[in-house]
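Commentary on secondary and tertiary structure
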Amino acid sequence: MQIKKVVVLTSGGDAPGMNSAIFGIWKECLDKNIELYGAIGGYEGLIDNNFIKIDYSILVGRINRGGSVLKSGRSPRFLKSTYFNRALKNLKDNKFDGLIVLGGDGSLRGAIELRDAGVNVISIPATIDNDLNFTYTLGYDTATNNIVSVIDNITDSLNAFGYGAVIKIMGRNCTDLINNVAKSINTDLVITKPDFDMKNLIKKINFIKKQQTIPPIVLVLEDVADTVALASTLQSECKIQMRPHILGYIQRGGSPSAFDRRYGITAGKLAVETLKDKECVMIGLIGDNLTKKPFEECFKI
Ligand code: ADP
């Protein structure tokens, strides 16, 4: 089919590289003489008919920044049929030939609903969690590097004082990010389940303390354990200062890595190219290759 008018949205948690993907989409649309619009705030923009025409003035100076020029967002309204139908009507009334959704597994569920209602939709896995069935999701590489870099800074002070730390890491219920960081800083003190073995953790910290080399750094996945309470328990059990750190948004903000920029731009271009086939696929990296997968095959958890 001939594609004349496309809309893109960013949904769920923002991921560094979303702006690079929007840039790739915009450039491909420009080259192919396709009109490009952005829905503001994820699925909320579809519901409220809140669209902007994307031109270079919106992207200039932002391609190499995290966040999303279109604002990302969660939309509980989109789950209700009244608002979903309103979103559908707006897509139709604006005569969009295709929709590109940048987001994680929740956003993909939304894309599936739209596909089933007849919308020509392509998705790109954009989430720092790496919880979709590709080798890498967009933003995962940058988040890993952000976290490792911050832990390096924390480690300087831990070394200076002879302290340890308990650090809360994002990832929702996916362990890829925390395990990737753990390998990168060479710690096996990783808590990914609420029923972890406290005795074994204390034993390992005491062993590290005795070695007097690297500081004990415990990584905790999101809400699996209370970071502050755990640091306090380990401090009294192991007789070493254990400083709690909750990194928060520092993990996913900032400049996307070269890897994520290339990923975003190339996936964005291929997404526009693929819309003409009305295939409704997710486009992400398997190894080093951009690969198209049917939506249902993209869930990992
Ligand atoms: P992520 O895409 O990063 O996983 P969320 O899980 O918060 O983020 O999902 C983003 C948005 O996708 C939700 O706010 C909602 O609008 C939409 N969404 C999530 N689950 C569904 C679903 N089962 N059906 C339709 N839309 C959904």
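Structural data are supplied above this passage.
Structure report, in brief. (Residues numbered from 1 in each chain as written. Predicted model: local features only at pLDDT ≥ 70, side-chain atom pairs only at ≥ 80, totals over all residues. Heavy atoms only, no water.)

Looking at the site of the ligand
- Around the ligand, 16 residues are found, and the nearest of them are Arg74, Ser75, Gly104, Gly106 and Ser107.
- Between an oxygen atom of the ligand and a main-chain N or O atom of Ser75, the distance comes to 2.7 Å.
- For the ligand, an oxygen atom lies 3.1 Å from a polar atom in the side chain of Arg172.
- In the complex, the protein chains occlude 82% of the 560 Å² of accessible area that the ligand would expose alone.
- Taking a 2 Å distance to the grid points as the criterion, the majority of the atoms of the ligand fall inside the largest pocket.
- Element by element, the count of residues in the shell around the ligand is highest for helix 5 (residues 105-116), at 6 residues.
- When the residues that make up the shell around the ligand are grouped by side-chain class, the tally is 3 nonpolar, 8 polar and 5 charged. (Near = heavy atom within 4 Å. Polar contact = N/O pair within 3.5 Å; in protein donor to acceptor, adjacent residues only side chain to side chain. Areas by Shrake-Rupley, 256 points an atom, 1.4 Å probe, with all protein chains shown as cover. 1 Å grid on protein atoms, 1.4 Å probe; cavity = no way out; pocket = protein on both sides within 12 Å on 5 of 7 lines; lining within 4 Å. Sits in = over half its atoms within 2 Å of the grid points. Helix = DSSP H or I, 4+ residues; strand = E, 2+ residues; numbered from the N terminus. Nonpolar A, V, L, I, M, F, W, Y, C, P; charged D, E, K, R; others polar.)

Let's talk about helix 10 (residues 258-275)
- Over its 18 residues, helix 10 extends 26 Å from the first C-alpha to the last, a length consistent with the 26 Å expected when each residue adds 1.5 Å.
- Turning to helix 10, its buried residues are Asp260, Tyr263, Gly264, Ala267, Gly268, Ala271, Val272, Thr274 and Leu275. Down the axis, helix 10 shows its buried residues gathered within 160 degrees of arc, on one side only. (Expected span 1.5 Å × (residues − 1). Buried < 20%, exposed > 50% of the residue type's maximum accessible area, 1.4 Å probe, protein only. Arc of directions from axis to C-beta.)

Looking at the sheet that holds strand 9 (residues 242-246)
- One open sheet accounts for 4 strands, arranged 7-8-6-9; its pairing is parallel. A single partner strand is all that each edge strand has here, and the edge strands are strand 7 (190-191) and strand 9.
- The sheet contacts of helix 9 (residues 227-238) involve strand 6 (164-169), strand 7, strand 8 (217-221) and strand 9, and relative to strand 9 the element is tilted by about 170 degrees. (Pairing = 2+ DSSP bridges. Contact = heavy atoms within 4.5 Å. Axes fitted to C-alpha atoms, helices over the stretch in contact; angles between N-to-C directions.)

Some points on unusual backbone geometry
- Of note, the phi angle at Asn33 is positive, near 60 degrees, even though the residue is not glycine.
- Within the element layout of this structure, Asn33 appears in the loop between helix 1 (18-31) and strand 2 (35-39).
- Residue Gln212 is not a glycine yet carries a positive backbone phi of 55 degrees.

Remarks on the side chain of Thr137
- Residue placement: Thr137 occurs in the loop between strand 5 (121-125) and helix 6 (140-161).
- Setting aside chain neighbours within four positions, we find Thr137 in contact with Pro125, Thr127, Asn130, Asp131, Leu132, Asp260 and Tyr263.

Things to note about the packing of aromatic side chains
- In this structure the tally under the stated criterion is 9 aromatic pairs.
- Pairwise contacts between aromatic rings join Phe23, Trp26 and Tyr56 into one cluster.
- One Lys or Arg, Lys5, reaches over the ring of Tyr37 and ends 5.1 Å from the middle of that ring.
- The cationic tip of Lys5 hangs over the ring face of Phe96; the distance from NZ or CZ to the ring centre is 5.1 Å. (Phe/Tyr/Trp six-rings, centres within 6.5 Å; stacked < 30°, edge-to-face > 60°. Lys NZ or Arg CZ within 6 Å of the ring centre and 35° of its normal.)

Structural notes on the pattern of salt bridges
- Under the counting rule described, the total for this entry stands at 16 salt bridges.
- Taking the shortest distance from any N to any O, the salt bridge between Arg252 and Asp14 comes out at 3.1 Å. Of the two residues, Arg252 sits in the loop between strand 9 and helix 10 while Asp14 sits in the loop between strand 1 (5-10) and helix 1, which places them 238 residues apart along the sequence.
- With its nearest N and O atoms 2.9 Å apart, the salt bridge here joins Lys300 to Asp176. With Lys300 in the segment after strand 11 (289-294) and Asp176 in helix 7 (residues 176-185), this pair connects stretches of sequence that are 124 residues apart.
- For Lys300, a relative accessible area of 34% corresponds to the partly exposed category. (Salt bridge = Lys/Arg side-chain N within 4 Å of Asp/Glu carboxyl O.)

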